[in-house]
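Observations on the model geometry
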Amino acid sequence: MTVIPAIPSYGLYGEEQSLPDLLHCETIGARAQPLDWQIKPHRHNALHQIFLFRKGGGVITCEGVRTRITDDLLISMPARVVHGFSFQRDTVGFVLTLPVSHFATHDLDRPLRFKASPDFEQVFELIARQHSTRVPGREAVLQGLADTLLALVRQDQSSEALRRDLPSQLVAFDAAISDMTSPMRNVADFARDLGVSPTHLTRLCQQYWGKPASGIIEARRMDEARRQLVYTRLPIASIAETVGYLDPAYFSRAFKRCTGASPNTYRAQFSTL
């Protein structure tokens with residue numbers, strides 16, 4: 001009878017015992033170079049790992065599926081998922097190892113791969129720097145930074161789900177209306193840029209978001225208006241123009257319809273905080 005070898009379970013820095021540190025952060029080179037840049041398929045029963053590849057390459061095998069490693073690739077690897085690596089020499093990046101008993105990783109229960117924004121590199125740099133110290137407050141800072149990194153991964157996971165589930169026109173529309181640098185644009189302007197009719201854009205918004213395109217645009221403008229009212233001392237007329245309303249009186253009526261309070265009353269709620 002053929003004996004099938006068991007998949008090794010690696011216990012990093014005492015995984016099976018009490019952990020000597022809150023988390024572990026090291027470079028890809030520190031982990032892979034002693035192993036000749038080859039890490040055989042294995043799993044970690046109680047550790048969640050996040051990899052950031054800044055440059056280099058190679059192949060990751062995850063549950064038998066091979067994927068090429070590219071620059072700025074981030075991989076979130078849950079506990080108990082079988083994975084291995086074949087790195088190009090001198091691959092540059094980080095690996096962060098988190099005990100699942102201490103960090104909320106349960107909603108990141110499947111492997112994720114996506115191109116990392118500069119935010120991820122900045123947080124990894126901060127974690128690596130803090131991890132190498134023994135200064136007062138170190139654990140509290142590491143906890144906050146690791147939680148921030150996990151939140152960014154969740155955010156990208158949600159964005160990927162959004163991109164996967166929505167028609168491409170709505171993904172582009174969502175990105176366009178998030179940019180308040182051109183607030184005077186109306187439904188027809190956005191529809192023209194997307195290559196669809198205003199009627200079709202409104203139909204898609206109603207189908208997927210439960211509001212017409214004009215309602216989606218207005219909601220985003222009102223979000224920006226609330227920020228301006230609370231965090232600046234700009235006059236109401238200036239805020240109205242900033243978010244796309246040339247008539248301050250019309251803006252005030254629209255704001256009250258959306259929020260239940262006039263711009264002045266809304267601002268006054270925060271003036272004493």
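Look above for the structure.
Keep in mind that what you see is a predicted model, and the values were worked out from it rather than measured. (Residues numbered from 1 in each chain as written. Predicted model: local features only at pLDDT ≥ 70, side-chain atom pairs only at ≥ 80, totals over all residues. Heavy atoms only, no water.)

In terms of regular secondary structure, the chain is built from 10 helices and nine strands. Buried positions account for 40% of the 273 residues belonging to the chain. Relative to all contacts within the chain whose residues are 6 or more apart in sequence, the contacts with residues 24 or more apart total 72%. Total accessible area computed for the chain in this model is approximately 15000 Å², and 53% of it derives from carbon and sulfur atoms. (Helix = DSSP H or I, 4+ residues; strand = E, 2+ residues; numbered from the N terminus. Buried < 20%, exposed > 50% of the residue type's maximum accessible area, 1.4 Å probe, protein only. Contact = heavy atoms within 4.5 Å. Areas by Shrake-Rupley, 256 points an atom, 1.4 Å probe, with all protein chains shown as cover.)

Let us now look at the sheet that holds strand E7 (residues 83-87). Reading across from one edge, E2-E7-E4-E5 is the order of the four strands in this open sheet, with antiparallel pairing throughout. Single-partner strands in this sheet number two, and they are strand E2 (38-42) and strand E5 (65-69). Taking the axes of each pair of neighbouring strands and ignoring which way they run, one obtains an average angle of 20° across the sheet. Across three bridges, the pairing between E2 and E7 is antiparallel. The residue bridging glutamine 38 from the neighbouring strand is serine 86, located in E7. (Pairing = 2+ DSSP bridges. Axes fitted to C-alpha atoms, helices over the stretch in contact; angles between N-to-C directions.)

What follows covers the side chain of histidine 83. Here histidine 83 is to be found in strand E7. A distance of 3.5 Å separates a polar atom in the side chain of histidine 83 from a polar atom in the side chain of glutamine 49. At 2.9 Å, the side chain of histidine 83 and the backbone oxygen of valine 81 are in polar contact. (Polar contact = N/O pair within 3.5 Å; in protein donor to acceptor, adjacent residues only side chain to side chain.)

Below, the discussion takes up the pairing of E5. Examined bridge by bridge, strand E4 (residues 58-62) and E5 share five bridges and lie antiparallel to one another. When the sheet's bridge partners are listed, cysteine 62 is paired in E5 with valine 65. Linkage of E4 to E5, two consecutive antiparallel strands, is achieved through a turn of two residues, within which glutamate 63 is found at a positive phi near 50°.

Now for the pattern of salt bridges. Proximity of charged atoms lets side chains of opposite charge pair with each other. Inspection of the entire model under this criterion finds 13 salt bridges. With its nearest N and O atoms 2.3 Å apart, the salt bridge here joins arginine 226 to aspartate 223. With a gap of three residues between them, arginine 226 and aspartate 223 both fall in helix H7 (residues 213-231), about one helical turn apart. One network of salt bridges, with partners in common, ties together Arg54, Glu121 and Glu125. (Salt bridge = Lys/Arg side-chain N within 4 Å of Asp/Glu carboxyl O.)

Our focus in this paragraph is the nonpolar core. Counting 25 residues, the largest nonpolar core has Leu74 and Ile127 as the members making the most contacts within it. Breaking this core down by element, the ones donating at least two residues are strand E3 (47-55), strand E8 (92-99), strand E9 (112-115), helix H2 (118-131) and helix H3 (138-165). Considering each element in turn, this core owes the most residues, seven residues, to H3. Excluding residues that lie within four positions of it along the chain, isoleucine 127 makes contacts with Leu23, Cys25, Leu96, Leu142, Leu145, Ala146 and Leu149. Core analysis: the next-biggest nonpolar cluster, separate from the first, contains 16 residues, Ile28, Ala32, Val81 and Phe85 among them. (Core = buried A, V, L, I, M, F, W, Y, C linked by side-chain atoms within 4.5 Å.)

Looking now at the sheet that holds strand E1 (residues 24-27). Ordered in space as E1-E8-E3-E6-E9, the five strands form an open sheet in which the pairing is antiparallel. Bordering the open sheet on either side are E1 and E9, each of which pairs with just one other strand. Between one strand axis and the next, the sheet turns through 15° on average, direction left out of account. Across four bridges, E1 lies against E8 in antiparallel orientation. Across the sheet, the residue bridging to glutamate 26 is valine 95, located in E8.

Turning to H7, a few remarks are in order. Over its 19 residues, H7 runs 27 Å from end to end, which matches the ideal 27 Å to within 8%, given 1.5 Å per residue. Among the residues of H7, those classed as buried are Ala213, Gly215, Ile216, Ile217, Glu218, Arg221, Met222, Glu224, Ala225, Gln228 and Leu229. (Expected span 1.5 Å × (residues − 1).)

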